[in-house]
Amino acid sequence: MALDNVTFASMVSELASQEYKDRVPVATQDNIGNIEEIISTYPSAKNEFISVLTNQVAKQLFFSKAYENPYKLFNRGMLPFGKSIESIFVDIIKGKQRTHETNTTNLASDLLAREVPNVKVEYYSENFRHQYKTTITDEELKGAFRAENGLSSMTGRILQAPLTSIEYDMQEMVLQALPELKGGKATIAKTAYNAMTEEEKAKILVKTIKSQVIKMGFLNNKHNGQGVMTFSKPQDLVVFLDPDMMANIDVELLAQAFNISKAEVPLHVLPVPQFTKRTGTGSTATYAEDSDCLAIIVDKDAIQIYETLNSSESFRNPQGIYTNIFFNRWGIMSACNFANVCRIVKA
């Protein structure tokens with residue numbers, strides 16, 4: 001709901017510096033016009049008003065109302081230190097039968113020799129730096145003061161595009177990471193599947209998902225790219241499905257597959273516009289529809305997003321008589337090969 005200008009200006013004043021408070025009075029219905037005149041007259045007051053409005057007030061009022069991509073669960077938040085991650089996995093140790101695999105000759109060496117563990121390491125570094133620019137003109141700011149809810153409406157309108165763009169780019173990064181995930185594969189006979197009704201397709205897919213969720217719960221090395229012995233609890237798994245299949249699947253059956261309540265199903269079943277496969281590498285990589293992929297089950301650790309910078313700044317252009325606002329989102333997008341993944345495909 002849009003806030004009136006008095007409430008909006010008061011929020012800015014509460015978050016502003018003492019210098020701003022000394023120059024600009026607390027907003028009331030009677031002096032809101034005077035506040036607009038003061039802000040228009042003093043550049044420092046205008047700069048701080050716009051800065052606080054876009055960087056602090058907007059985060060409280062509009063960030064929660066912006067489009068949210070459905071894959072936010074993979075976002076781990078801000079990386080505390082540095083711009084890279086070291087992921088270490090220590091594989092299990094093979095036990096020995098003392099009576100059969102040791103003897104008097106090598107008993108001493110067994111006691112003293114060093115056992116080198118099977119340690120595998122993956123490194124992920126900062127790999128995206130996105131910046132989103134928007135502009136507030138002086139004319140827009142003056143006009144906003146003249147309408148009852150003008151400041152709130154202007155801020156929401158101007159910030160909607162960059163905030164939505166940020167969420168969209170994060171969504172697309174996850175979708176592009178899906179073809180890169182390495183792991184196991186479960187197949188459903190293509191000819192038989194294509195001949196099934198929609199209901200039959202949904203049932204066989206849910207049955208396959210449930211079977212793979214159970215298998216991924218056992219310690220094994222068949223469902224991850226590094227071939228290490230690991231497992232996944234059902235509550236730590238999510239499945240990607242296309243929207244048409246999601247509409248046909250029985251929610252109760254999916255809840256049983258993941259050992260969760262029906263209310264928790266949306267947290268474990270994620271829509272994907274279409275499954276894709278990559279051809280080429282680097283800047284020449286292209287993505288095309290993968291019509292044989294029916295679902296992808298992943299451990300929540302398979303895709304990890306860390307932010308290294310999440311900030312916004314403003315810059316005044318006195319020649320153009322406007323203020324540019326820059327939103328910065330930098331970070332690490334990684335596909336972890338130690339985590340379990342299983343593709344369900346027609347073959």
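Keep in mind it's a predicted model, so treat the numbers as computed, not measured.

A. Examining helix 12 (residues 251–258) more closely. If you check which residues of helix 12 are buried, you get Leu 254, Ala 255, Ala 257 and Phe 258. Buried residues of helix 12 fall within an arc of 160° about the axis and therefore sit on the same side. Packing partners of the buried residues in helix 12 comprise helix 10 (198–216), strand 6 (237–241), helix 13 (265–268) and strand 7 (269–271). Where helix 12 begins, the side chain of Asp 250 points an oxygen toward the backbone nitrogen of Glu 252, at a separation of 2.8 Å.

B. Fine view of the confidence of the model for the chain. Mean pLDDT over the chain: 88, with 94% of residues reaching 70 or higher. Mean pLDDT per element in the chain: helix 5 (residues 98–101) is the minimum at 61, and strand 10 (residues 293–299) is the maximum at 97.

C. Spatial organisation of unusual backbone geometry. A positive phi angle is found at Ile 321, which is not glycine, with a value near 55°. For Ile 321, the position within the fold is in the loop between strand 11 (303–317) and strand 12 (322–335). Residue classification places Ile 321 among the partly exposed positions, given a relative accessible area of 45%.

D. Main features of the side chain of Asp 91. Within the fold, Asp 91 resides in the loop between strand 2 (84–90) and helix 5. For the buried Asp 91, no salt bridge exists, and the shortest N-O distance to an oppositely charged side chain is 5.8 Å, to Lys 120. Engagement of the side chain of Asp 91 in a polar contact is seen with the backbone nitrogen of Met 229, the distance being 3.1 Å. Leave out the neighbours within four places in its chain, and Asp 91 touches Asn 118, Gly 227, Val 228 and Met 229.

E. Representation of the nonpolar core in the model. Of all hydrophobic cores here, the largest spans 57 residues; its most connected members are Phe 49, Phe 74, Phe 240 and Val 298. At 11 residues, the largest contribution of residues to this core is made by helix 8 (residues 150–177). The contact partners of Phe 49, leaving out residues within four places of it in the chain, are Val 12, Tyr 20, Ile 39, Leu 141, Phe 145 and Leu 151. In this structure, Ala 202, Leu 205, Met 216 and Ile 249 belong to the second largest nonpolar core, which totals 26 residues.

F. Examining a nonpolar patch on the surface more closely. Together, Ile 88, Val 90, Val 119, Val 121 and Tyr 123 give the surface a local cluster of nonpolar side chains, amounting to about 470 Å² of exposed area. The greatest single-element share of the nonpolar patch, amounting to three residues, is contributed by strand 3 (residues 119–125). Mapping Val 90 onto the fold places it in strand 2. Relative accessible area serves as the criterion here: at 52%, Val 90 is assigned to the exposed category.

Reading the values: the criteria
Residues numbered from 1 in each chain as written. Predicted model: local features only at pLDDT ≥ 70, side-chain atom pairs only at ≥ 80, totals over all residues. Heavy atoms only, no water. Buried < 20%, exposed > 50% of the residue type's maximum accessible area, 1.4 Å probe, protein only. Helix = DSSP H or I, 4+ residues; strand = E, 2+ residues; numbered from the N terminus. Arc of directions from axis to C-beta. Contact = heavy atoms within 4.5 Å. Polar contact = N/O pair within 3.5 Å; in protein donor to acceptor, adjacent residues only side chain to side chain. pLDDT = per-residue confidence, 0-100. Lys, Arg positive; Asp, Glu negative; His and termini not counted. Salt bridge = Lys/Arg side-chain N within 4 Å of Asp/Glu carboxyl O. Core = buried A, V, L, I, M, F, W, Y, C linked by side-chain atoms within 4.5 Å. Patch = residues over 30% accessible without salt bridge, like charges linked within 9 Å, V, L, I, M, F, W, Y side chains within 5 Å. Areas by Shrake-Rupley, 256 points an atom, 1.4 Å probe, with all protein chains shown as cover.

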